Each structure stands twice: as C-alpha cells, then as structure tokens.
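An overview of the molecular structure
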Amino acid sequence: MGAGGRTSVPPPNRKSEADSVKRVPFAKPPFSLSQVKKAIPPHCFQRSVIRSFSYVFYDLTIAFCLYYVATHYFNQLPHPLSFLAWPTYWAIQGCILTGVWVIAHECGHHAFSDYQWLDDTVGLILHSALLVPYFSWKYSHRRHHSNTGSLERDEVFVPKQKSGMQWYSKYLNNPLGRVLTLTITLTLGWPLYLAFNVSGRPYDRFACHYDPYGPIYSDRERLQIYISDAGVLAVCYGLYYLVMVKGLAWVVCVYGVPLLVVNGFLVLITYLQHTHPALPHYDSSEWDWLRGALATVDRDYGILNKIFHNITDTHVAHHLFSTMPHYHAMEATKAIKPILGEYYRLDETPFYKALWREAKECIYVEPDHGTASKGVFWYNKKL
C-alpha cells in the first residue's frame, strides 16, 4: 500500500535468513553414510601431492611478499600512511596465515597426500611455525570428529547446560558483556584451550595439550606429544633470537599481531561451525556418529572462503569425509546436498552478524519441554 505498493514486496533475504535458523531434523536420517559417499564423484577422494604442495607454495609466497614489503618499504612511508600500512599488513597476513593453518589441519586429517609420513612432516613444520603443537592437536581434533555433537564426549566448544551456567552469566548477557566475552574468546580462547582445556571436554584431572601424560592422550601417542612440544619450543627459541637481534617491537609487528589474527579466525571459524540456533546436541541416549557429524553448519565468509581453502563453506562435507582434500570439497558439497536435504544447513549471514547473533541467542542448551526427545538439546538464551 502506498509508495507504489513497495511495502507489499518482501525483503529479498528475509525468507532465506528465517530458513537458516529453522531447526534441522534430529531423527535418524533416512540415508546412510555409504549412500552419501556414492553421490560424490570418486575423484573427489583422490589426494595429489603436487596439487597440495601448490597451495602451500602459493600461501607462503604471498606471506613472504607481504613480509618483504612490510619490512623494506613501510619505514619509507610518511607517518600517516605507515599507521595505515601496518594494520593492513596485519589483517591480510593474518588471513593468509590462516590459510596455512588450514593446510596443516588438513595434514592432520591425512588429506594432504597418500603418505602419512609426508602429511605429518608438512603438518608439523607448518603448525609449529604458528605455535601449534601439531600431534597434540591432531589427536584431540580427531576425537572431536569422532564425537561431534555429543555433550559428554565432544572435545571442543561443548555447550553448557542451564544447570551448569555460572552465577555471573546473567551479568554478561547484555551488549557490553557480549563484547567483553567475544573479545576475550577471540584473543585468548585458542591459547587457553591448548594450555588449560578451556571450552573443552571436562576430564577428571587437569588436561593440557602440551602434557604428554595428560588425560587427552593414550600411551601410544605420548612420544609424538613430546615431538609437538619440541617443534613449538624450537620456534619459540627462534622468536627469542629474533627479539635479541631485531627487537621486540619488530617481532610483534611482523609476526605477533598476524598470529593473533590467525588465532582469532581459528576460534571464530570453529565457534560458528558448531554454534547455531538450528543445530542440536545430543546426550548419550540419543547420540550417534552420523547425526553428530551432521550437527554442523556451512558459513559464507565471502572472499575469505577461498583464502581459507573453503574450510568455512564445506564444513559439513569435511565432517562426513575428513580425509577428502579441500580442493574437492566444493564439488562434493554440491553433490551431497540433494541427499542430505533438510539435514544440510548453510547460513549465508555475514559472519560478523552471525557471531553477534550466536553470542546473543546460543547461551546454553536444554531439551524442549513437553517432548519425548529428552536426549536432544537445543540452544536457548533465557537465563
């Protein structure tokens, strides 16, 4: 009515946004994992050493070029421009190094090549360079993939139940509190998880990714945890040497701040993959592997999808077939969508808006009251 009848035209994206938060089915799927796999072209499961290394070379070349420009030309810029140049470098270099992080993550899944020793060698070098204990995280992350969506056994971003909420939670459930919580999570969340298992699965004693004898690892894994620690310590020594030669400010500007960006994106990506109003979690009475693997969501990060090697918008396929190389994941995702149907969820909400929405809407999980599915838990925000 009025204005040429414009108000009768629905906003173009409103329906899609409403559909994105519509709950996915939680009953046992009418399809099996083998049926999903048959829908994917066989070549999608083939790993190429040359192609995988091409992405390593591409990312590291860009990272080196950015480093070279920053260290050789920024000091020649007039002061107003140099103040803009460094934040630009931090943001772009952090994104590129996040792509390097993703390739190392792929090595941990044995998706880089057909040779486990090569995957572990490349993964150890790349992850250590980013201060990640490669084998330590590889094994805990593998258990995350084995127990996704389980309230008792999942390894990371395990949501709290209402009974487990801390007394101060209600004081943080406001815009200022959310800003504070998100700031701490994005800056300190990753090192706190590695060192203190913050947001991880509860264990009966102290759990730490650097402890070979911690409860996260089995006896046969302990030697490789030592190797992971040695890799991180070697890089820390290299950074110490650089501080002595170049100065602390140089190391912070060239390496430290981009690493903070990497850590922030890592937490952001993982959080948004597994935190969504449409996704269920399960207790032991309901959980099974396939439903747990489907309890994740693909997100759209725009141009960053490519920079992050599509870990963002092909995460559902990744959880179903984690040894598939990233360069086939888009084709595989397209192939499995008709099979998955309503069990597949893509949310194209801009990631910064989605982060705020999820921080506001996804406070804790609880079963729906008055239903028979007491083992199926959904996010809620009413404290």
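Residues numbered from 1 in each chain as written. Predicted model: local features only at pLDDT ≥ 70, side-chain atom pairs only at ≥ 80, totals over all residues. Heavy atoms only, no water.

1. What to know about a nonpolar patch on the surface
Put simply, the rule reads: For patches, a residue must show more than 30% relative accessible area and have no salt bridge; joins then use 9 Å for like charges and 5 Å for nonpolar side chains, namely Val, Leu, Ile, Met, Phe, Trp and Tyr. Accessible surface area values rest on a Shrake-Rupley calculation with a 1.4 Å probe, where residue burial reflects the displayed protein chains alone. Salt bridges, as used here, are contacts in which a Lys or Arg side-chain nitrogen is within 4 Å of a carboxyl oxygen on Asp or Glu. A helix here means a DSSP run of H or I that spans at least four residues, while a strand means a run of E at least two residues long, and both kinds are numbered starting from the N terminus. For every residue, the accessible area obtained with a 1.4 Å probe (protein chains only) is divided by the maximum for its type, and the residue is called buried under 20%, exposed over 50%, and partly exposed between those limits.
There is a patch of nonpolar side chains on the surface, built from Tyr 237, Tyr 240, Tyr 241, Met 244 and Val 245 and spanning about 620 Å² of accessible area. Assignment of secondary structure puts Met 244 in helix α9 (residues 222-246). On the basis of relative accessibility, which here comes to 53%, the residue Met 244 falls in the exposed class.

2. With respect to the pairing of strand β4 (residues 364-367)
Selection rule: Whether two strands pair comes down to DSSP finding at least two bridges between them.
Side-chain alternation along β4 places Tyr 364 and Glu 366 on one buried face and Val 365 and Pro 367 on a second face that is also buried. Two elements, β4 and strand β5 (residues 376-380), share 4 bridges in a ladder whose sense is antiparallel. Looking at β5, one finds that Val 365 is bridged to Tyr 379.

3. Considering helix α10 (residues 248-274)
Defined as follows: An expected span of 1.5 Å times one less than the residue number is assigned to each helix.
Helix length check: α10, at 27 residues, gives a terminal C-alpha distance of 37 Å against a target of 39 Å (1.5 Å per residue), a fit within 8%. Across the 27 residues of α10, 19 count as buried, placing the element largely inside the fold.

4. Considerations on unusual backbone geometry
Within the chain, Leu 131 stands out as a residue other than glycine whose phi angle is a positive 60°. One can find Leu 131 in the loop between α5 (116-129) and α6 (134-146). When its relative accessible area of 22% is taken as the criterion, Leu 131 is described as partly exposed. Even without glycine at this site, Asn 197 takes up a positive phi of about 60°. The topology assignment puts Asn 197 in the loop between α8 (175-196) and α9.

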